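# Topology and contacts: notes
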Number of protein chains: 2
Amino acid sequence: MPGPSTYFDPSRIGELDPGERDLVARRARVLGSAYRLFYREPVQLVRGLGTRVWDAAGTEYLDAYNNVPSVGHSHPRVAEAIAKQAATLITHTRYLSAGVVRYSEQLLATLHPDIDNIMYTCTGSEANDLALRIAKLVTGGTGVIVTSNAYHGVTTEVAAISPSLGGVESIAGWVRLVDPADLGRQVPAALAEFSAAGIRPAALIADTIFASDGVLPDVADLGTAVAAVRAAGGLFIADEVQPGFGRLGQGMWGFDRYGIVPDMVTVGKPMGNGQPIAAVMTRHDLVDEFNRHSRYFNTFGGSSVSIAAAQATFDVLRDEELIESARLMGQYLKTALTNMGKFVEVRGAGLFIGAQLESEARAVDVVNALRDRHVLVSASGPANDTLKIRPPLPFSTADATLLLTELDAVLR
Amino acid sequence: MPGPSTYFDPSRIGELDPGERDLVARRARVLGSAYRLFYREPVQLVRGLGTRVWDAAGTEYLDAYNNVPSVGHSHPRVAEAIAKQAATLITHTRYLSAGVVRYSEQLLATLHPDIDNIMYTCTGSEANDLALRIAKLVTGGTGVIVTSNAYHGVTTEVAAISPSLGGVESIAGWVRLVDPADLGRQVPAALAEFSAAGIRPAALIADTIFASDGVLPDVADLGTAVAAVRAAGGLFIADEVQPGFGRLGQGMWGFDRYGIVPDMVTVGKPMGNGQPIAAVMTRHDLVDEFNRHSRYFNTFGGSSVSIAAAQATFDVLRDEELIESARLMGQYLKTALTNMGKFVEVRGAGLFIGAQLESEARAVDVVNALRDRHVLVSASGPANDTLKIRPPLPFSTADATLLLTELDAVLR
């Protein structure tokens, strides 16, 4: 998660032009202090198409940051699917509907056949929350292992396993943190700690691109760690909210790169290209066991418009060959960034790239300087020193040239 | 929450016609055992307009149940607002946007001026979860008081305060249940229990129409209970997810009928007429204090399309005078249902009506018989013996006549 300095500082409101100043002041009054604005100088977006967005003054920006509009801003097929369904019917899953069944079949077909059930929510937070509920009920355990700067969402339950959100002091007593660079030793050690404390393990949960840990595409010993958790009676939850749906350029899912079959997979952000839809996918035996203890119904989860958006997004991802595109363009960008010779390290897979600079101050300056040159990126990592480059997937060579040109100018 | 028998029994799948049987079987395979279908014979909805919906065979149904499409199914103004925004831009609140500021100002203007901040989520569950997070952080307490058959959502945190979801055994140790018929005595008793157990109270939370408690429009001593909770250092959270946005026919909010100013208000279901949008509204001093302890960002919360849908819904509610319509039509329906002389009791406010029958079995039979006559309602209450009549707000006199005629035929 970016540190405060990639955000607008409310005390500098006097420096904004009058129209913007008024809107920022009104926004602060109603949305309150928990809401922040990106960049030293906020951007007021009013329109988007593909990899480009425009502000209120008509200035065009290259979006090299937003992973939610994954098949491109305002994609006409997705927009049309949403428009058509909103004018026809919006309802929930307790009426029979062919659309949700058809989409679920297609999505589950991208996973190992053992993962045969899907439960819809509206956000990745809700999906991770539900996955933990299921894991705790079916294992009878409470212990959860996460990485040291993990982010899994904002409900009470998942905020308690997200050190990057509220710091280590916000983490629950039933959570153990492990360094993603040392999983092979630290996961067994965490399990031993659980055992000593009389805590039964429920799950290891990991974002398979380890985004908030600094974008780590090739974590060692993930398979060993998963095996150790399973041997101790726990489950492995792959949090695919960020890496999922082809962003990493190799298959649909981040865990595909490790040859692991998770017990549960959670998805969200890019699933409906901006429409609020997310899900848990898991084995039917786990769902059946959960169902013996509890119930679940999410009014908006898998509703007609959300499914229409998800289906169109899924179709575009396939028809426009965006996974292969992410692989090629990601490789090109990573090589070009490395060859610039200005980064401590360039890491990533597909179109999820972390380019580490020497300090947070430097990263924040670069993020803001790029914004002033109309290129949108952000910073991430435990030290907030890593540029997070994570554009919509239809990122073209012209887009890459523009990004590299502006970045080169800024880094000089 | 309705008991199992208002739902389709999967073991009776052989009785369905072949096309439906195939879809139900495929649905069960992918959605799994936690998903249920309304009615002994499921309904496959494909289209809706106003208070009417149509199934795959073209049969028209009167919708006297769904409170989410509150200004009417597929309302053209809402559908157009969604379509236009989806084709223009879908993004989040960290870019400056006039739409979310304008809508927030209008919505907050319907509340007491002390309630001056809004935080967006996607579901009522997330809103109640966030309200509890804020309440616990700002009061330093953990104790929560809810009514004996309360329903507040499905995240781990709010499932733990929802006895109607998983039964009394699913309720957390920091929760006390109170009978809504005896708040004046039981709330102080619960506070005394907290005190004896060394638990500091965080909040009393109540759905102000007490829907899952059987639809109770005039609960005694709510004001006294709120005062007792505040005196003990706790807050009052009004859960307006079901009663809010004018459904009760008297002002925008359920608590308006009690002359109470809550510390927090949570909203959801009808807010975007089906688009997944929900929120917490509260005082800025509580948000500021929360913000000193934690952070909150919800990627899809208050995103461009959700705000466009909410603004259009808000505008239609006002322009079509639907609150006054709910008041008039609710009064008419309640009187007519009472005069039928077939109910143990008819309760409600506006277009949220509970018509209690002598048993669950009777209520379930009536719900299914109405479905067979193409009128959609459900059952509710602690004993699941109460018909829940909760139609879209543009319910006309012709709709009322149809409902009453079919109900009369079924009850004979």
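### Considering the overall build of chain A
Within chain A, the regular secondary structure consists of 13 helices and 15 strands. Relative to a compact globule of 412 residues, whose C-alpha radius of gyration would be 22 Å, chain A shows 21 Å and is just as compact. With the C-alpha coordinates of chain A rotated into their principal frame, the extents come out at 60 × 50 × 45 Å. Taking all contacts inside chain A whose residues are at least 6 apart in sequence as the whole, residues at least 24 apart take part in 72%. Side-chain charges of chain A comprise 36 positive and 45 negative groups, with the mean position of each set lying 3 Å from the other.

### Things to note about the packing of helix 4 (residues 124-139) of chain B against helix 9 (residues 284-293) of chain B
All names here are of chain B. Between helix 4 and helix 9, the shortest axis-to-axis distance is 9 Å and the interhelical angle comes to 80°. If you check the angle between helix 4 and helix 9, you find them roughly perpendicular. Facing helix 4, whose interface residues are Leu130, Arg133, Ile134, Leu137 and Val138, helix 9 presents Leu286, Glu289, Phe290 and His293. Looking at the contact of helix 4 with helix 9, its residues break down into 6 nonpolar, 1 polar and 2 charged.

### Thoughts on the packing of aromatic side chains
The final tally for this structure, using the stated rule, is 12 aromatic pairs over all chains. Consider the rings of B:Tyr103 and B:Phe314, whose centres lie 6.0 Å apart with planes at 85°: the pair is edge-to-face. Of this pair, B:Tyr103 sits in helix 3 (residues 98-108) while B:Phe314 sits in helix 10 (residues 304-319), and the two are 211 residues apart along the sequence. Three or more aromatic residues joined by ring pairs make a cluster, and in this case those are A:Tyr7, A:Phe38, A:Tyr39, A:Tyr65 and B:Tyr95. For A:Arg390, the ring lying beneath its charged end belongs to A:Tyr65, and the centroid distance is 4.3 Å. In this structure, B:Arg94 packs its charged tip against the face of B:Phe297, placed 3.9 Å from the ring centre.

### Some thoughts on the sheet that holds strand 5 (residues 143-147) of chain A
All names here are of chain A. Ordered by their spatial adjacency, 7 strands build an open sheet running 4-10-9-8-7-5-6, and the pairing between neighbours is mixed. Each of the sheet's edge strands pairs with one partner strand only, and the pair in question is strand 4 (117-121) and strand 6 (175-178). Sheet twist, expressed as the average angle between the axes of neighbouring strands with direction ignored, equals 20°. When strand 8 (residues 235-239) meets strand 9 (residues 264-267), the two strands line up parallel, connected through 3 bridges. Note on strand 9: the bridge partner recorded for Ala238 is Val265. Along the sheet, helix 3 (residues 98-108) makes contact with strand 4 and strand 10 (278-282), crossing strand 4 at roughly 120°. Together, strand 5, strand 7 (201-207) and strand 8 form the strand contacts of helix 8 (residues 222-231), whose direction differs from that of strand 7 by roughly 160°.

### Some thoughts on unusual backbone geometry
A positive phi angle, near 50°, is found at A:Glu321, a position not held by glycine. A:Glu321 sits in the exposed class, given a relative accessible area of 55%. Positive phi, close to 55°, is recorded for B:Asn384, a residue that is not glycine. On the secondary structure map, B:Asn384 appears in the loop between strand 14 (378-380) and strand 15 (386-389).

### What about the environment of B:Val46?
Among the structural elements, B:Val46 can be located in strand 1 (residues 45-49). Remark: the alpha-carbon pair of B:Val46 and B:Ser170, spanning 124 residues in sequence, is separated by 36 Å. Among all residues touching B:Val46, those that are not within four sequence positions of it are A:Thr88, A:Leu89, B:Trp54, B:Asp55 and B:Ala56.

### Description of the interface of chain B and chain A
Listed per partner, the contact involves 90 residues of chain B and 89 residues of chain A. The junction of chain B with chain A conceals about 8,100 Å² of combined surface from both sides, 58% of it contributed by carbon and sulfur atoms. Summed over the three residues of chain B that lose the most area to chain A, namely B:Arg94, B:Tyr95 and B:Leu96, the buried surface amounts to 11% of that side. In this assembly, chain B and chain A are joined by 2 salt bridges. Counting across the interface, chain B meets chain A through 37 residue pairs in polar contact (both at pLDDT 80 or more). With 8 residues, helix 1 (residues 18-31) of chain B is the single largest residue contributor to the side of chain B that touches chain A. Of the residues contributing to the side of chain B that touches chain A, the split by class is 47 nonpolar, 26 polar and 17 charged.

### A closer look at the relation of the copies chain B and chain A
Each copy superposes on the other: chain B lies on chain A with an RMSD of 0.0 Å after a rotation of 180° and an axial shift of 0.0 Å. Here the two chains are linked by the operation of a two-fold rotation axis. The position closest to the rotation axis in chain B is occupied by the C-alpha of B:Ala83, lying 2.1 Å away.

### Regarding the pattern of salt bridges
Under the definition given, this model contains 48 salt bridges over all chains. Between A:Asp319 and A:Arg77 there is a salt bridge, with the nearest N and O atoms lying 2.9 Å from each other. One end of the pair, A:Asp319, is in helix 10 (residues 304-319); the other, A:Arg77, is in helix 2 (residues 76-86), with 242 residues separating them in the sequence. Its relative accessible area of 40% is what places A:Asp319 among the partly exposed residues. Among the ionic pairs, B:Glu193 bridges to B:Arg176, the shortest N-O distance being 2.9 Å.

### Digging into the domain arrangement of chain A
Residues and elements named next belong to chain A. Under the domain assignment used here, chain A contains domain 1 (4-71 + 321-411) and domain 2 (76-319). When each unit is reduced to the centre of its C-alpha atoms, the spacing between domain 1 and domain 2 is 26 Å. Both sides together, the interface formed by domain 1 and domain 2 hides about 2,200 Å², and carbon and sulfur atoms give 62% of it. Contact with domain 2 buries area across many residues of domain 1, yet Val71, Ile323 and Phe352 alone supply 30% of it, more than any other trio. The tally of links from domain 1 across to domain 2 stands at 0 salt bridges. Where domain 1 touches domain 2, the interface holds 13 residue pairs in polar contact (both at pLDDT 80 or more). The dominant element in the side of domain 1 that touches domain 2, judged by the number of residues it contributes, is helix 11 (residues 322-340), at 4 residues. Grouping the amino acids of the side of domain 1 that touches domain 2 by side-chain chemistry returns 14 nonpolar, 9 polar and 4 charged.

Rules and cut-offs
- Residues numbered from 1 in each chain as written.
- Chains lettered and ligands numbered in written order.
- Predicted model: local features only at pLDDT ≥ 70, side-chain atom pairs only at ≥ 80, totals over all residues.
- Heavy atoms only, no water.
- Helix = DSSP H or I, 4+ residues; strand = E, 2+ residues; numbered from the N terminus.
- Rg over C-alpha atoms; globule rule 2.2 N^0.38 Å.
- Contact = heavy atoms within 4.5 Å.
- Lys, Arg positive; Asp, Glu negative; His and termini not counted.
- Charge placed at Lys NZ, Arg CZ, Asp CG, Glu CD.
- Axes fitted to C-alpha atoms, helices over the stretch in contact; angles between N-to-C directions.
- Parallel < 35°, antiparallel > 145°, perpendicular 65-115°, else oblique.
- Nonpolar A, V, L, I, M, F, W, Y, C, P; charged D, E, K, R; others polar.
- Phe/Tyr/Trp six-rings, centres within 6.5 Å; stacked < 30°, edge-to-face > 60°.
- Lys NZ or Arg CZ within 6 Å of the ring centre and 35° of its normal.
- Pairing = 2+ DSSP bridges.
- Buried < 20%, exposed > 50% of the residue type's maximum accessible area, 1.4 Å probe, protein only.
- Buried area = accessible area lost by both parts, 1.4 Å probe.
- Salt bridge = Lys/Arg side-chain N within 4 Å of Asp/Glu carboxyl O.
- Polar contact = N/O pair within 3.5 Å; in protein donor to acceptor, adjacent residues only side chain to side chain.
- Least-squares fit on C-alpha atoms with pLDDT ≥ 70 in both.
- Domains from an automatic or database assignment.

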